[in-house]
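The chain contents come next:
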Amino acid sequence: MMKDQYRPREIEAAVQGAWTANGAFTAREDAARPKYYCLSMLPYPSGKLHMGHVRNYTIGDVITRRMRMRGYNVLQPMGWDAFGLPAENAAMQNGVPPAKWTYENIAYMREQLKALGFAIDWERELATCQPAYYKWNQWFFLRMREKGIAYKKTGVVNWDPVDQTVLANEQVIDGRGWRTGAEVEKREMPMYYLNITRYADELLDSLEGLDGWPERVKTMQANWIGKSEGAEIHFPLADNDGEDVIKVFTTRADTLMGATYVAVAPEHPLALKVAEKNSEVAKFIEESRKGGTTEAAIATQEKRGMPLGLEAEHPLTGEKLPVWVANYVLMNYGEGAVMAVPAHDERDFAFANKYGLPIRQVVACEDYDDKEWRDEYSDKQRTLVNSGKYDGLGFEQGTDAIAADLEQKGLGKKRVNFRLRDWGISRQRFWGCPIPLIHCGKCGEVAVPDNELPVKLPEDLVPDGSGNPLNKCAEFLDVKCPQCGGAAKRETDTMDTFVDSSWYFLRYTSSDNDGAMVDARADYWMPVDQYIGGIEHAILHLLYARFWTKVMRDLGLVQADEPFRNLLTQGMVLNHIFFRKEGAGRIEYLPPADVDVERNDKGEIVAAKRRSDGAPVEYGGIGTMSKSKLNGVDPQSMVEQYGADATRLFMMFAAPPEQTLEWSDTGIEGAWRFLKKVWQFAVDNEASIRAGGESFDWSRASDGLRAARREIHEALKQANADYERKQFNTVVSAAMKILNALPKQSAPEQAALVAEGFGILLRLLAPITPHVAQRLWSELGFGDDILDAAWPEHDEDALVSNVIELVVQVNGKLRGRVAVPAAADRAAIESAAMSDANVQRFVEGKTVRKVIVVPGKLVNVVVA
């Protein structure tokens, strides 16, 4: 006998216990079944799950469970992106090693995930900070080094002088370190790089085959790779016998005759050489080191420069052009130098006007004004002027002609350039994967032998903010050279954490193999069939993962060309923001649960006050849930109050997966009430459901019973279409329609419909609310495990109606509706239409000229 009350915590604990005991989600390779690999981006173990995590993993879980019920062999693993700066910051604040903080957070978040009932194969769990995982980062780095893909060079980086570390471009805010607020410097440092540009063409071309990716993500990747067709042009340095040249790459070779100076980046070797003897140039270069290295930062800063006292020869005319060093020139684009054509480039135009440099128009523009920039000056659709033999040529013709002349002179050629730069992976931080190299005074840079991997990171060190503690740890630092046996030092730079997340999806397939990075199981599971994560990872993570997969392919480790067949970028979870301003402009944020609000008749918040003291607070609108703004909702509290199923149901029902979701306390309460209603229906109709399990001849059913069954199967058909489109909100709507279509207190002749309809309902809900679906499925005798049940498909015969509804018009205007038998002839249809009371009102006293019948759709009565 079923319990009368719906008790989610009791149900969920029992069902989860059974799953664990039965190893319900342990995945094994099975060549006899189609595979389905569903993966959500691995979380950073920050301490607690947030609702963004819950939404992300619920989407993946819904997909996973449905594919299993459709007969697929499914894999859904979980791991932790566990290295990185937040753990170091937490370690400094709390005086504990990053390892302790990280592993404690993992343990807590793992239990949170389990409480939500996700169908995860926990046997494959990994954490990127575990030596068993990062050993293979190190092993593969050495293989890439052997192939020339990993290499060392001096590069320009953002340096935080307080934290004593390199910062990513995203961590430089208004020229200052995001954490310390210190002025960031541009420094040249020896760094380890991965030659991703070797794969630029393939990374770009392969995007066309990713049909399961959102177009905007593919566009973002294509723009980041940034393929440009142009020309390499050599400007010989004057009075130097032509031995030294300044190379530039330009997409506007057609404007070469308008070049009036050459500008190089502050980090360009030529500028650095001049700076050795010129203190003013050295001072300018040092000042230019301050600020970010991003294109956006450089584009918005004031254009500054100074002459180097050198001249370069125009490659076609021989004219002497001054060479300048300028802060708007990027060292990491092209060759770190530009041919300046001020008349037709906005940056060059501003620079030339500032420093009084010549501006020479070579593209036809009416009323050209060399003091006020207009976008038409850079228009490629115009023809060349003041360019000698090239006059009258368009962009493509001019480029081809000039490139051909340059090539003939040995001073240039057509070339393709990429915006994409090689990936610098060195970080001067402690909590990351050690780079497996040793520096020996006699032998130079030496690889750590494979049999000595992993190079383990000490897990007991506590960073103090004074730089990388590995530099002070003799136990780690001091080693013997593997080649000569002499005293040597380990490399103390660690790898960028993007390395860790660039191949974890492959390691899941072979996570128990201690002797290889991956094995043949990777070829069974890869590529990932459905990948789920935030749009914020659309560029770097996905690009690096694609690159890493292609390198592993080329080294014979995997067969896959691309890691992710389908990609879903879920929307953010939003909530209300409340705050009040204190003295000195300080803002104090308040949790929405601590605030009472006043709304207008449109439901808009117009006033708010803090519950504890009644003092007014300001309303900051709707924004992404954030720890800093205190507007997050603890999933644990929702699970404890309403249950995991209600939490999952609300997250799927509130909005389509790719749209933002606005949190609503009443929304989750509504989800809980719906599940109570489902449970209560089962209690009230238990006998009918059990009795109705026998086969039933639906052709003998009453019209009313067939109509109700048709409504259920129409909802099922739509739900299956919505599942395929991953529109889970409308799947929930279909489930609600099915419940409403079922008789509430079924008579004996309705038992078959109740049993069939409720069985359909439970299976539709099983991916979304798996605990209550499983309990009711087994309690009502449908079967032992709903996961093993066949996925419901609509019955085409059920969709055939014995009665159809027709619209009735009088002179083309809607005047009524009539129900007629599906097999009714024209006379019967006309009779039914003319008998409708409302239609009679509009034809009374008038002459019926004709009656037009459109089969299955409408009747139009024409009167005069």
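Scroll up for the structure.
Residues numbered from 1 in each chain as written. Predicted model: local features only at pLDDT ≥ 70, side-chain atom pairs only at ≥ 80, totals over all residues. Heavy atoms only, no water.

**Q** Describe the pairing of strand E32 (residues 803–810), and please don't skip the residues or the numbers.
**A** In the sheet, E32 pairs with strand E33 (residues 813–821) via 8 bridges, with the strands oriented antiparallel. Bridging across to E33, valine 808 finds its partner in glycine 816. Linking E32 to E33, which pair antiparallel, is a turn of 2 residues; within it asparagine 811 sits at a positive phi near 55 degrees. With 4 bridges joining them, E32 and strand E35 (residues 858–863) adopt parallel strand pairing. Each residue of the ladder has a partner; that of valine 808, found in E35, is valine 859. (Pairing = 2+ DSSP bridges. Helix = DSSP H or I, 4+ residues; strand = E, 2+ residues; numbered from the N terminus.)

**Q** Quick rundown of the sheet that holds strand E6 (residues 165–167)? Include the residues and the values.
**A** Reading across the sheet, the 4 strands line up as E6-E5-E9-E17 and stay open at both edges, with antiparallel pairing between neighbours. The open sheet has two edge strands, E6 and strand E17 (423–424), and neither has a second partner. By the bridge criterion, 3 bridges tie strand E5 (residues 150–160) to E6 in an arrangement that is antiparallel. Bridge pairing links aspartate 160 to threonine 165 in E6.

**Q** An account of the pairing of strand E10 (residues 227–236) is needed here, citing residue identities and associated values.
**A** Among the 10 residues of E10, 8 are classified as buried, and the element is accordingly described as predominantly covered. In this sheet, strand E16 (residues 412–418) lies alongside E10 in antiparallel orientation, the contact comprising 7 bridges. Within E16, the position partnered with glutamate 229 by the bridge is valine 416. Relative to strand E11 (residues 245–250), E10 runs antiparallel, the two being bridged by 6 bridges. What sits directly across from phenylalanine 235, in E11, is isoleucine 246. (Buried < 20%, exposed > 50% of the residue type's maximum accessible area, 1.4 Å probe, protein only.)

**Q** An account of the packing of helix H19 (residues 644–653) against helix H23 (residues 728–741) is needed here, citing residue identities and associated values.
**A** Any two packed helices are characterised by the angle at which their axes cross and by the distance between the axes. The contact between H19 and H23 brings their axes to 7 Å, and the two run at 115 degrees. With respect to their mutual orientation, H19 and H23 come out roughly perpendicular. Note on element contacts: H23 touches H19 through Phe728, Asn729, Val732, Ser733 and Met736, opposite Leu649, Met652 and Phe653. (Axes fitted to C-alpha atoms, helices over the stretch in contact; angles between N-to-C directions. Parallel < 35°, antiparallel > 145°, perpendicular 65-115°, else oblique. Contact = heavy atoms within 4.5 Å.)

**Q** Explain the environment of leucine 806 to me, using residue names and the numbers behind them.
**A** Within the element layout of this structure, leucine 806 appears in strand E32. Note: C-alpha distance between leucine 806 and phenylalanine 650 (156 residues apart in sequence) is 38 Å. Contacts of leucine 806, omitting those with residues within four sequence positions, involve Gly816, Arg817, Val818, Val820, Ile829, Gly856, Lys857, Leu858 and Val859.

**Q** Explain unusual backbone geometry to me, and be specific about the residues and the numbers.
**A** Leave glycine aside and you will find that most residues have negative phi; peptide bonds, for their part, are mostly trans. Residues leucine 453 and proline 454 are joined by a peptide bond in cis, for which omega reads 5 degrees. Following the sequence through the fold, proline 454 ends up in the loop between strand E20 (444–447) and helix H13 (474–477). At the junction of methionine 526 and proline 527, the peptide bond is cis and its omega measures out at 0 degrees in the coordinates. Within the secondary structure layout, proline 527 lies in the loop between helix H16 (521–525) and strand E24 (530–534). Although it is not a glycine, aspartate 367 adopts a positive phi angle of roughly 55 degrees. Tracing the sequence through the fold places aspartate 367 in the loop between helix H11 (346–355) and helix H12 (395–409). On the basis of relative accessible area, aspartate 367 is assigned to the exposed category, the value being 68%. At lysine 726, a position not held by glycine, the phi torsion is positive, near 60 degrees. You can see lysine 726 is positioned in the loop between helix H22 (703–725) and H23.

Note that every value here comes from positions in space, so none of it alone points to a role or purpose.
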